[in-house]
Amino acid sequence: MTSANSQSMKPATVAKKLGIYLPATPQEFQDSEITRADFAELLANAPEWLAELRRTGPHPRPVVAQKLNISISGLARGGITEALTTAEITELLAAPPQWLVVERATHAAVRSEAKRIKEEAVKKEATKEAKTNATAKRDAPKASKRDHA
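This structure is a prediction, so every number in the text was calculated from the model and none was measured.

Visitor: Whenever I open this one, the packing of aromatic side chains confuses me. Can you help?
Guide: The geometry of an aromatic ring pair is captured by the separation of the ring centres together with the interplanar angle, meaning the angle of the planes. Evaluated as defined, the whole model comprises one aromatic pair. Where Phe 29 meets Trp 49, the ring centres are 5.2 Å apart and the plane angle is 55 degrees; that geometry is what we call tilted. Taken together, the residues span a long stretch of sequence, with Phe 29 in helix α2 (residues 27-30) and Trp 49 in helix α4 (residues 48-56) at a distance of 20 residues. A residue is classified by how much of its surface remains accessible, and Trp 49, at 26% relative accessible area, is partly exposed.

What follows is the structure, given as structure tokens:
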């Protein structure tokens, strides 16, 4: 699966980039080095096992957290330490336990605050740029009528 002079990645790296749970992949995948070309091929033409893993899981914790709309830390606080299947995630979403409700609210608040801080930084940068431009314009030498003649 590898060639002598092309870059290769470990299966764990490829699984992370694909958003799949490595222990659920075929043994052949787990035992091989994957080249960048092989990785591109997996992205372009996913084999059935990859499509099935993405569809039904089990999913790694970052994917589970994203599907539940909480942080990975929130998963740990909720007692979720293992990969979950799509069916298990759907069950949690259908009848969310109290910890999930709390974590979703916390995650939403954190995202909202991060957005507010980012917008504030953009606003400060725009104000700073406007002041810089005004100063530069004020301090620029004045053109006289002789300069245009």
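Read on, since the account is not over.
Visitor: Even after reading the chapter, I still don't get the side chain of Glu 103, so can you show me in this structure?
Guide: Relative to the helices and strands, Glu 103 is located in helix α8 (residues 98-139). Polar side-chain contacts of Glu 103 include one of 2.9 Å to the side chain of Arg 77. Setting aside chain neighbours within four positions, we find Glu 103 in contact with Ile 70, Gly 74 and Arg 77.

Visitor: Explain the packing of helix α5 (residues 61-68) against helix α7 (residues 86-94) here, please?
Guide: For any two helices packed against each other, one specifies the crossing angle of their axes together with the interaxial distance. Running from N to C, α5 and α7 cross one another at 30 degrees; their axes reach a closest spacing of 10 Å. One element, α5, and the other, α7, form an angle in the roughly parallel class. Read as a crossing pair, α5 and α7 show a hand that is right-handed. Of the residues in α7, those touching α5 at Val 64, Lys 67 and Leu 68 are Ile 89, Leu 92 and Leu 93. Taken together, the residues of the contact of α5 with α7 sort by class into five nonpolar, no polar and one charged.

Cut-offs used in this document
- Residues numbered from 1 in each chain as written.
- Predicted model: local features only at pLDDT ≥ 70, side-chain atom pairs only at ≥ 80, totals over all residues.
- Heavy atoms only, no water.
- Phe/Tyr/Trp six-rings, centres within 6.5 Å; stacked < 30°, edge-to-face > 60°.
- Helix = DSSP H or I, 4+ residues; strand = E, 2+ residues; numbered from the N terminus.
- Buried < 20%, exposed > 50% of the residue type's maximum accessible area, 1.4 Å probe, protein only.
- Polar contact = N/O pair within 3.5 Å; in protein donor to acceptor, adjacent residues only side chain to side chain.
- Contact = heavy atoms within 4.5 Å.
- Axes fitted to C-alpha atoms, helices over the stretch in contact; angles between N-to-C directions.
- Parallel < 35°, antiparallel > 145°, perpendicular 65-115°, else oblique.
- Left-handed = near helix turned anticlockwise from the far one by under 90°.
- Nonpolar A, V, L, I, M, F, W, Y, C, P; charged D, E, K, R; others polar.

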